[in-house]
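Here are the chains, one letter per residue:
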Amino acid sequence: MSMTDIRVNPTTRMDAAQMIESEPEERYTQQIIRRFRKNRLAVAGLVVIILLILTGLFAPWLTPHNPNELTAVFSASPSTTHLLGTDQVGRDVLSRLIYATRISLIVGFITVSIYVTIGTILGLISAYYGGWMDMIVMRLADIFMSFPYLMVILVVVSILGSSLTTIILVLALFSWPTVARLVRGSVLSLKELDYVKAGVALGLSPARIMFSHILPNALGPIIVNATFGVAAAILSEAGLSFLGMGIQPPTPSWGNMLSDAQSLTVLTNQLWLWVPAGSILLVTVLAINFMGDGLRDALDPKQ
Amino acid sequence: MLPYIVRRLLIAIPVLIGITILNFCIVNLAPGNPVDMFIDPNTPQQLVEAKKEMLGLNDPLIIQYFKWLWQLLQGGFGYSFSSFAPVTHIIGERIGPTLMLTSISLTLGLLIAIPIGILSAVKQNTRFDYIITGLSFIWTSMPQFFLGLGLIYLFALHFKILPTGGMLTIGGDDNFADRIKHLILPVSVLTIAIIGKKIRYVRASMLDVLKQDYLRTARAKGLHAFIVTNKHALRNALIPIITVFGMEIPLLLGGSIIIEQIFQWPGIGQLTMQSILSRDYPTLMGLNFIAAIIVLATNLFMDILYFVADPRVKYN
Amino acid sequence: MIEAKESPSQTPLIQIEGLKTYYPIKKGIFSRTVGHVKAVDDISLNIYEGETLGLIGESGCGKSTIGRSIVRLENPSNGKIFFQNEDITQYSNQQLKPIRKNIQIIFQDPYSSLNPRKKINDILSEPLIVHKLVKPHEVQQNVDQLLDAVGLPRSYKNRYPHEFSGGQRQRIGIARAISLKPKFIVCDEPVSALDVSIQAQILNLLKDLQQELNLTYLFIAHGVGAVKYISTRVAVMYLGKIVELADKADLFNHPKHPYTQILLNSSPLPDPKLRNKERLIIQGEVPSSANPPMGCRFHTRCPYVQDKCKNEEPLLTGFLHTVACHYPLG
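As annotated in an unreviewed UniProt entry, chain A carries the name Peptide ABC transporter permease and is attributed to Paenibacillus antarcticus. Per UniProt, chain A has the following entry under Sequence similarities (unreviewed entry): "Belongs to the binding-protein-dependent transport system permease family."

Draft legend 1. Main features of the overall build of chain B. A tally of regular secondary structure across chain B gives 13 helices and zero strands. When the helices and strands of chain B are listed from N to C terminus, the series reads α-α-α-α-α-α-α-α-α-α-α-α-α. Counting over 316 residues, chain B shows a buried share of 48%. Long-range pairs, those at least 24 residues apart, make up 70% of the contacts in chain B with a sequence separation of at least 6.

Draft legend 2. Quick look at the confidence of the model for chain A. Taken over all residues, the pLDDT of chain A has a mean of 86, while the share at 70 or more is 90%. Residue range residues 1-25 of chain A is modelled with pLDDT below 50. Its contacts to residues more than four positions away, or to other chains, number 50 contacts.

Draft legend 3. Expanded view of helix H2 (residues 93-100) of chain C. Residues of H2 of chain C that are buried include every one of Leu96, Ile99 and Arg100 of chain C, and no others. On an axial view of H2 of chain C, the arc spanned by its buried residues comes to 95 degrees, and they lie on one face. Those residues of H2 of chain C that are buried lie in contact with helix H9 (194-201) of chain A together with strand S4 (78-83), strand S5 (86-87) and strand S6 (103-106) of chain C.

Draft legend 4. Structural context of the interface of chain B and chain A. In this assembly, 47 residues from chain B lie in contact with 45 residues from chain A. Taken together, both faces of the contact between chain B and chain A bury some 4,000 Å²; the carbon and sulfur share is 82%. Counting every contact that joins chain B to chain A gives zero salt bridges. At the surface where chain B touches chain A, the tally comes to two residue pairs in polar contact (both at pLDDT 80 or more). Listing elements by their share of the side of chain B that touches chain A, those giving two or more residues are helix H1 (2-28), helix H6 (127-141), helix H7 (144-158), helix H11 (248-262), helix H12 (268-277) and helix H13 (281-309) of chain B. Examining the composition of the side of chain B that touches chain A, we find that nine residues originate from one element, H1 of chain B, more than from any other. Grouping the constituent residues of the side of chain B that touches chain A by class yields 35 nonpolar, nine polar and three charged.

Draft legend 5. View of the UniProt feature "domain: ABC transmembrane type-1" (unreviewed entry) in chain A. Under the present numbering, the feature "domain: ABC transmembrane type-1" (unreviewed entry) in UniProt falls on residues 101-292 of chain A. Strand forms 0% of residues 101-292 of chain A and helix 82%; the C-alpha atoms that close the span are 20 Å apart.

Draft legend 6. Structural context of the pairing of S6 of chain C. All names here are of chain C. The two faces of S6 match: Ile103 and Ile105 on one face and Gln104 and Ile106 on the other face are all buried. Pairing of S6 with strand S7 (residues 184-188) involves four bridges; the strand directions are parallel. Each residue of the ladder has a partner; that of isoleucine 103, found in S7, is phenylalanine 184.

Draft legend 7. Quick look at the sheet that holds strand S1 (residues 12-27) of chain C. Residues and elements named next belong to chain C. On the basis of which strands lie adjacent, the open sheet formed by four strands has the order S2-S1-S4-S5 and antiparallel pairing. The sheet is open, and its two borders are formed by strand S2 (32-48) and S5, each paired with just one other strand. Bridging between S1 and S2 involves 13 bridges; their strand directions are antiparallel. The residue bridging proline 12 from the neighbouring strand is tyrosine 48, located in S2. Relative to S1, helix H1 (residues 63-70) is tilted by about 115 degrees, and along the sheet it contacts S1, S2 and S4.

Draft legend 8. Geometry of the packing of aromatic side chains. All names here are of chain B. In the structure shown here, the tally under the stated rule is 19 aromatic pairs over all chains. For the ring pair tyrosine 65 and phenylalanine 66, a centre distance of 5.2 Å and an interplane angle of 65 degrees mean the geometry is edge-to-face. A relative accessible area of 48% means that phenylalanine 66 is categorised as partly exposed. Plain terms: the ring middles of tyrosine 65 and tryptophan 68 are 6.5 Å apart, the flat faces sit at 40 degrees to each other, and that makes the pair tilted. In this pair, tyrosine 65 and tryptophan 68 both sit in helix H4 (residues 61-73), three residues apart, roughly one turn of the helix.

Draft legend 9. Inspection of the packing of helix H5 (residues 131-146) of chain A against H1 of chain B at higher detail. The geometry of H5 of chain A relative to H1 of chain B is characterised by a closest axis approach of 9 Å and an angle of 55 degrees between their N-to-C directions. With respect to H1 of chain B, the element H5 of chain A is oriented oblique. Taken as a pair, H5 of chain A and H1 of chain B cross one another with a handedness that is right-handed. In contact with Arg139, Asp142, Ile143, Phe144 and Ser146 of chain A of H5 of chain A, H1 of chain B contributes Ile11, Pro14, Val15, Gly18, Ile19 and Leu22 of chain B. Of the residues assigned to the contact of H5 of chain A with H1 of chain B, the class counts are seven nonpolar, two polar and two charged.

Draft legend 10. Region of interest: a nonpolar patch on the surface. Residue and element names in this part refer to chain A. Together, Leu46, Val47, Ile50, Leu51, Ile53, Leu54, Leu57, Phe58, Trp61, Leu62 and Phe109 give the surface a local cluster of nonpolar side chains, amounting to about 1,100 Å² of exposed area. Mapped onto the nonpolar patch, the elements with two or more residues apiece are helix H2 (40-57) and helix H3 (59-62). If one sorts the elements of the nonpolar patch by residue count, H2 sits on top with seven residues. Mapped onto the elements, leucine 57 comes out in helix H2. Judged by relative accessible area, which is 53%, leucine 57 ranks as exposed.

Draft legend 11. The arrangement of the confidence of the model for chain B in detail. Overall, the predicted model of chain B reaches an average pLDDT of 83, with 86% of residues at or above 70. For this predicted complex, the interface confidence score (ipTM) comes to 0.87, while the overall pTM stands at 0.87.

Draft legend 12. View of unusual backbone geometry. Cis rather than trans, the peptide bond between proline 249 of chain A and proline 250 of chain A has omega equal to 15 degrees. Of note, proline 250 of chain A is situated in the loop between helix H10 (206-242) and helix H11 (254-259). Phi at glutamine 264 of chain B takes a positive value of approximately 45 degrees, unusual for a residue other than glycine. Relative accessible area serves as the criterion here: at 46%, glutamine 264 of chain B is assigned to the partly exposed category. The phi dihedral of glutamate 189 of chain C is positive, around 50 degrees, even though this residue is not glycine.

Draft legend 13. Fine view of the nonpolar core. Phe174, Leu258 and Trp274 of chain A are the most contacted members of the largest nonpolar core, which has 156 residues in total. With 14 residues, H10 of chain A is the single largest residue contributor to this core. Those residues in contact with tryptophan 274 of chain A, other than ones at most four positions away along the chain, are Leu258, Ala261, Val266 and Leu267 of chain A together with Phe146, Leu149, Gly150 and Tyr153 of chain B.

Draft legend 14. View of the sheet that holds S6 of chain C. Residue and element names in this part refer to chain C. Ordered by their spatial adjacency, seven strands build an open sheet running S6-S7-S8-S3-S9-S10-S11, and the pairing between neighbours is mixed. In the strand order of this sheet, the two ends are held by S6 and strand S11 (322-323), each with one partner. Contacts from H1 reach strand S3 (52-56), S6, S7, strand S8 (216-221) and strand S9 (233-238) within the one sheet, and its direction differs from that of S8 by about 150 degrees. Seen against the sheet, helix H9 (residues 258-266) touches S3, S9 and strand S10 (241-247) and runs at an angle of roughly 105 degrees to S9.

The rules behind the values
- Residues numbered from 1 in each chain as written.
- Chains lettered and ligands numbered in written order.
- Predicted model: local features only at pLDDT ≥ 70, side-chain atom pairs only at ≥ 80, totals over all residues.
- Heavy atoms only, no water.
- UniProt positions renumbered as here; feature names shortened; annotations may be inferred.
- Helix = DSSP H or I, 4+ residues; strand = E, 2+ residues; numbered from the N terminus.
- Buried < 20%, exposed > 50% of the residue type's maximum accessible area, 1.4 Å probe, protein only.
- Contact = heavy atoms within 4.5 Å.
- pLDDT = per-residue confidence, 0-100.
- Arc of directions from axis to C-beta.
- Buried area = accessible area lost by both parts, 1.4 Å probe.
- Salt bridge = Lys/Arg side-chain N within 4 Å of Asp/Glu carboxyl O.
- Polar contact = N/O pair within 3.5 Å; in protein donor to acceptor, adjacent residues only side chain to side chain.
- Nonpolar A, V, L, I, M, F, W, Y, C, P; charged D, E, K, R; others polar.
- Pairing = 2+ DSSP bridges.
- Axes fitted to C-alpha atoms, helices over the stretch in contact; angles between N-to-C directions.
- Phe/Tyr/Trp six-rings, centres within 6.5 Å; stacked < 30°, edge-to-face > 60°.
- Parallel < 35°, antiparallel > 145°, perpendicular 65-115°, else oblique.
- Left-handed = near helix turned anticlockwise from the far one by under 90°.
- Patch = residues over 30% accessible without salt bridge, like charges linked within 9 Å, V, L, I, M, F, W, Y side chains within 5 Å.
- Areas by Shrake-Rupley, 256 points an atom, 1.4 Å probe, with all protein chains shown as cover.
- Core = buried A, V, L, I, M, F, W, Y, C linked by side-chain atoms within 4.5 Å.

If you want it as structure tokens, here you go:
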């Protein structure tokens, strides 16, 4: 019954290692890309987002008119010179729509990168160290999350004055707790895994363990959350601008363009002033949400 | 169970204190102070100083905070800068319409989203499922103000069958039918936003439950699909679903600002906009605080409900 | 009976003194501590240079906690741990860093012990770089040597863990553990999760490495076979306590504690003829380690229980073959 019976000669150590000389399996990222490409709506969403980014980048070359140029005709209906007509002070609607892409994308992407960074770091630290650190971060998150999102943002932006920077910072300030909670949740389970324990035993620094060993394994849900966050931030900016507390004219934003439709004349008789702006906003948000959904399925095949 | 509830309430205390501090900070971020902003620039400096002294604006911020907190504990938010009425009174007048709007939308949202979501899960990968999933994406991505404007355009201006806004027809008879007519459009916008999100959630959690082994056993035992779905799966899928609906409340309160603005609904959303435009800080502070309290209380309630409903939580 | 090659008179590499690891049980509104799970309850143990100390016991008896306490993945509630006569129990992370080079661990589950997002090369080179053990240009050469040492082709270093079998992963885990040239390795059930055919290979690898690198092992297992094969001395644990500790041959041939006897009997016998012999079968459930029985902890399940066992706790006695039993066997 002794194990000596099946003792292997040390020289055969290598042969015994059950070498599998098959092709290396696909890399993790390749798997994700393959799964993502199977979701046609998600791919369509990605294409739309890329087109929007290009539109924003090349706005000056794509616009038929200067977005702030006042032409002679006010509220002109669509024509060959003004494909989507002009607004109440005679600016070309199409050119303004194109330039507004920039605002939406800037707000969406910058806001999300700020709060995802903050939320990730706080969530990581909170879960990794636990104890009073965890208690403080989570209660802070509770406090920030208690204020109804759009309402508190509206109040803060109205008090601080609505510039692009303020809007981005305030949106980020009230958005980090969701990410912090999400990251904390995954880190709490990841830090119990043996490869993290091995890192501790090897004497790696807490920072290295947190950012190089734990974080890469928690990225999936963060990326998905960030994607949906971009859509949410774009919608929030549009909402603020619609209420007159966001991006201020003459800078064009889809939200402040829709704001004109609060007058019954515009709403009833000048559809070109609000339907295109609303539609492009809807399409943008839809595209991002489709992409987020595709990413979620691709990153976590279990769901 | 009682210790859990008490513990949960105790955790809420520091959060509540935090809310008062953050709320106070937000309003005191304002550059300048209300007196400088409202008073006629020609008023003699002495008078301005006297006014500031009277309002306590010369005290250090921390003293101002405790004064405000003391006032709060006595049940008051001070007086409005614009109408000079007590803030509690102003908010009290406006909170009813908002609660009516949000509670009707939430109830309708639940009643619609749960059966559709379940059906969508049971009929996974059928045409019905695809259409519902597609629609739910469009509904969640739809900007509320765009949908609101579209509905007004269609039903109030084009077909002229519903009013453009308000809570009742001004000068008309205050009857039930009239009130319902005014409710239809704003409730539709809020409900669509809710069901868009929740159908997907209900569907996902139902699919989760349907995959569990005990349901396979139930089916293998030859139980009818209807019984399996309703008796075995539903009860387990419903617990998280209900609490997730509770999480909609902060979003609804925030969203009500846009809805109330578009439909001229005389609730706290509209009051918020008016107070912002008139820089009525005491009212804004009161509004923010009450909204935060509502959210905090709902979260507490949902946590406790979850705890009571799900026997597994107790062992943690 | 006592083999001469064991010389317990030499100074131990690892010395454990009165180690206690308790986990609080919290209850009520203020999370009051209402009791403790006594995972490890007052254990003293010496591990000598060059030996392999086997540690066996049922799941939940606290054997892994001892291993993890030595590596300081757990913080002991009480007691002291010495490494080369240096008390490291209260050391901070910073103070531990040079010690950690010398004390490593091999985990049970080869799947969760390797970071799925890192290539084998990164897994093996990171410790070398962090501890500045070799010059940057020598890192690759060292990784190659590590792979050679555990019997894996050098070409594997550019692959990810999911491309390997359980046995291969365990080899990588071993390579990582020896990368810092430690003196002592805790082997925390390193073969329990592997196929039987692979188990022998890994055990042989561990034995070979021990000779080549002059390693000392604490070999934890719940099965008797592997421990019998690899250990020089064996300790038996029951409910947070060591009940018997002796030289391997001594313990296996002449177990003194009833629990040891039952444990040895419970392992499957390869010879079918022997199976009909009457076997002692352990009865009842393992008592809770939050509330261990009075007196001898094993008395609730012991076939030879007497009145004294129920009231008086036996101490670990004996010189080279120690046992904690009022009525030790033959």
